[in-house]
Amino acid sequence: MSSPPDTDFPIAIIGAGFSGIGTAIKLKQAGIESFTIFERASDVGGTWRDNTYPGAACDVPSHAYSLSFEQIPSWSRRFAESGEIHDYLRSITDKWKLREHMRFGTEIVDARFDETTGSWTLTTADNETLTARVVVSCAGGLVNPATPDIKGLQSFTGELFHTARWNHDYDLSGRRVAVIGTGASAVQVVPSIADEVEHLDVYQRTPAWVVPKRDKVYSARYKRWLGRFPALLRVSRFLKYWLSELMGPIVFLDSEWLSSLGKKGSQLHLKAQVKDPELRKKLMPSFQFGCKRILISDDYWSSFERPNVELVTDPIDEIKRTGIQTRDGTFREVDAIIIATGFDLGLASAPFPISGIGGRSLDEAWKDGAVAYKGMSVSGFPNWFILMGPNTGPGHTSVLVYTEAQIAHTVAAIKKLRDEGLRYVNVRQDVQNRYNEGLESRMKYMVWSTGCNSWYLSADGRNHSLYPGYAAEYVLRAQHFRVRDYEIVG
Ligand SMILES: Cc1cc2nc3c(=O)[nH]c(=O)nc-3n(C[C@H](O)[C@H](O)[C@H](O)COP(=O)(O)OP(=O)(O)OC[C@H]3O[C@@H](n4cnc5c(N)ncnc54)[C@H](O)[C@@H]3O)c2cc1C
C-alpha cells in the first residue's frame, strides 16, 4: 500500500524536552516529517532549561542519561551539570534540523477527539485551533513547581523564589538565606551556596537517605579515547545501565535484607560526613531505605558541619515579613527564601482538558487515579500517546530507558496508522485493565508501599508514578506496538 502524502497526516508533539526531541528524531529517522512540536517556553530543554539552580545536575551518569541513539563522548564529568545537558539537547535539535518543526511560545490548553475523522483538535492559549491525526504528549511530569502551603508565605518582603525558577540576578553572597525542603534539588543547592552565603538555614520536614555520588571530571585523554573508539562509549553506557539494574532491587523491593544493605551504606556515608552524633540523629531517616527517593551527594551532609549552616527540624509555624518562625517560637530573620519542595506531579492528572470518544474527559477517566496501558495509551483516547505517563518512572535508573521504549512504541503505531490509512487505534479497555491489575498486584512487594509519605503516592496512597520492576522488563513489554491490544478502526 502506498503511503499517503505526508501533509495529510499531521502529528502534534507537545513539549520540547528529552521526550519531544527524542520522538522527533525517531520520526525523522522513520522518514516522517509531518510533525510539529508545540512548546510553551521559548527554547528546547524542558527540565534542563528550567532547572538552572547552583549545583543542578543529573543523578544518573551522563553516559546513561542521554539518548542511546545520540551518544556523545564529550561529557565533561560523570554527572553533567544542567547547562551541559541543556547544550546537548540544543545540539541534537540543531543536528536534526528540528527547529523548523518547532512552535515556541505555544501552549496547548485543550484537546478534543473527533471519531468521524479520527483526528484531534488542539487549542492554544492564544485561541488558535489546530488539527492533528496523532498527538504525542511529551509535556513532562516534573514541570510545574510546587509551592508549599505555609501561612504567611506571600507576606515575606525579601527575595523569594523556587529552585526551578532561580533568580540569577539576585546575588546571594553575604546574605542570610533559608532553604525550605530537603529533597533532590536541596541536596544539590545547599552545598553549592553554603560557601557564598553569610548564613544558611535548611528547613527539614523529613530527612532522606543519601548515598555517595562519586562524581568526577573526565580527563581530556579519556574523552579523546571515547571519541576515537565509540565502542568504548557503548561499553561505558552498558556497564552503567546494568549496574543500576543489578542494584535496582535494593532500591525498589520491599525486602528487609536488601534494604539493610542500602541503609548500612548510607549510615557509613553519614558517619564519614558528620562527626556530631546529635546532628547525625536529626539527619538519619526512620523509614525503609528506598521508600522515598534515594538522594546522591558527596557534600550535602557535610555542609551541616559548617558553622554558617543550620539544620532546622522544628516545623515552620509561619512566614513573616522578614523571616521564618518555627513552632518552638524561634524566629530566624533572612534576606531570601529558596523553595526547594519539588513539583506538582504531572503524571497524576491530565495536563489540560482532554476529551476523547463521546466527549469523555481524561480527568473523568482518571478520577480513581491515573492509569494507562504501559503508561502510554488510555482507552477511549485514540491516537494519543503519553510519554512519561502513569507508572513509567524508575526509582533506580535513567528515565530515558523508559522514554526510548515509549518512543519506539509510538512511532510504530504512527507508521501503522499512516501507512495503512487507518482512522484510529484505541487501546482495548480489557487489555488496559489487565495490565494495571498486574501492576497493582506487584505494588505490595515494592518498598514504596511500606508506609512512608512520598511524592510517588497520590492522595489515596496509591502509586501511579513508578514502574514496579526492572527497566529492562518494562522495555521488553512496552517497545513493540502489539496490534491485538488495540481496537483498530480503518
Ligand atoms: C532537577 C531535576 C533533575 C532530574 N534528574 C534526573 C536524572 O538524573 N535522571 C533521570 O532519569 N531523570 C531526571 N529527572 C527527570 C526528568 O524530568 C526527565 O529525565 C526528563 O528530562 C523529562 O523529559 P520530558 O521531555 O519528558 O519532560 P520535560 O523535560 O519536563 O519537558 C516537558 C516540556 O513540555 C513543555 N510543556 C508542558 N506542557 C505544555 C503545554 N501544555 N503546551 C506546550 N508545551 C508544554 C514544557 O515547557 C517542557 O519544555 C530530573 C528532573 C528534575 C526536575
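Shown above is the structure to which this text applies.
Residues numbered from 1 in each chain as written. Predicted model: local features only at pLDDT ≥ 70, side-chain atom pairs only at ≥ 80, totals over all residues. Heavy atoms only, no water.

Q: Help me out: how do you make sense of the site of the ligand in this one?
A: Around the ligand, the structure places 32 residues, and the nearest of them are S19, E39, D59, Y65 and V399. A distance of 2.8 Å separates an oxygen atom of the ligand from a polar backbone atom of T47. Taking D59, its main chain carries an N or O atom lying 2.6 Å from an oxygen atom of the ligand. Contact with the protein chains removes 95% of the 990 Å² of surface that the ligand exposes when unbound. Here the residues of the shell around the ligand sort into 18 nonpolar, 9 polar and 5 charged. (Near = heavy atom within 4 Å. Polar contact = N/O pair within 3.5 Å; in protein donor to acceptor, adjacent residues only side chain to side chain. Areas by Shrake-Rupley, 256 points an atom, 1.4 Å probe, with all protein chains shown as cover. Nonpolar A, V, L, I, M, F, W, Y, C, P; charged D, E, K, R; others polar.)

Q: I'm lost on the state of the cysteines in this one. Help?
A: As used here, a disulfide is simply a covalent bond connecting the sulfur atoms of two cysteines. Tallied over the entire structure, the rule returns 1 disulfide. The disulfide that involves C291 links it to C452, with 2.0 Å between the sulfurs. On the sign convention where negative means left-handed, the S-S torsion of about -100 degrees between C291 and C452 marks this disulfide as left-handed. Linking C291 in the loop between helix 8 (277–283) and strand 13 (295–296) with C452 in the loop between helix 12 (429–443) and helix 13 (471–478), this pair joins segments that are 161 residues apart in sequence. Summarising the burial analysis for this pair, C291 and C452 share the class buried. (Disulfide = S-S within 2.5 Å. Helix = DSSP H or I, 4+ residues; strand = E, 2+ residues; numbered from the N terminus. Buried < 20%, exposed > 50% of the residue type's maximum accessible area, 1.4 Å probe, protein only.)

Q: So what exactly am I meant to see when it comes to the sheet that holds strand 18 (residues 336–339) here?
A: Strand pairing in a sheet is mediated by backbone hydrogen bonds. Such pairs are either parallel or antiparallel. Taken in spatial order, the 5 strands make up an open sheet running 9-18-10-11-14, and their pairing is parallel. The open sheet has two edge strands with one neighbour each: strand 9 (159–162) and strand 14 (309–312). Strand-to-strand twist of the sheet, defined as the mean angle between neighbouring strand axes without regard to direction, takes the value 15 degrees. On top of the sheet, helix 4 (residues 184–193) reaches strand 10 (176–180), strand 11 (199–203) and strand 18; it is set at about 165 degrees to strand 10, its chief contact. (Pairing = 2+ DSSP bridges. Axes fitted to C-alpha atoms, helices over the stretch in contact; angles between N-to-C directions. Contact = heavy atoms within 4.5 Å.)

Q: Is there a simple way to explain helix 3 (residues 82–95) in this structure?
A: Note that an α-helix has 3.6 residues per turn; residues three or four places apart therefore point the same way. Between its first and last C-alpha atoms helix 3 spans 20 Å; for 14 residues at 1.5 Å apiece the expected length is 20 Å, and the two agree. Taken residue by residue, helix 3 has S82, I85, H86, Y88, L89, I92 and T93 as its buried positions. Axial view of helix 3: buried residues confined to an arc of 155 degrees, hence all on one face. Where helix 3 terminates, the next one or two residues include K97, which has phi positive at roughly 50 degrees. (Expected span 1.5 Å × (residues − 1). Arc of directions from axis to C-beta.)

Q: It is not clear to me how the sheet that holds strand 16 (residues 323–326) should be interpreted in this structure. Could you clarify?
A: Taken in spatial order, the 3 strands of this open sheet run 15-16-17, and their pairing is antiparallel. The sheet is open, and its two borders are formed by strand 15 (316–319) and strand 17 (331–333), each paired with just one other strand. Averaged over neighbouring strand pairs, the angle between their axes works out to 25 degrees when direction is ignored. Sheet analysis places strand 15 next to strand 16, joined by 3 bridges and oriented antiparallel. Pairing of E318 across the sheet is with Q325, part of strand 16.

Q: I would appreciate a short explanation of the environment of I339 in the present structure.
A: Mapped onto the elements, I339 comes out in strand 18. Through-space distance from the C-alpha of I339 to that of S185 is 9.6 Å; in sequence the pair is 154 residues apart. Those residues in contact with I339, other than ones at most four positions away along the chain, are A146, P148, L153, L160, F161, H162, T163 and I180.

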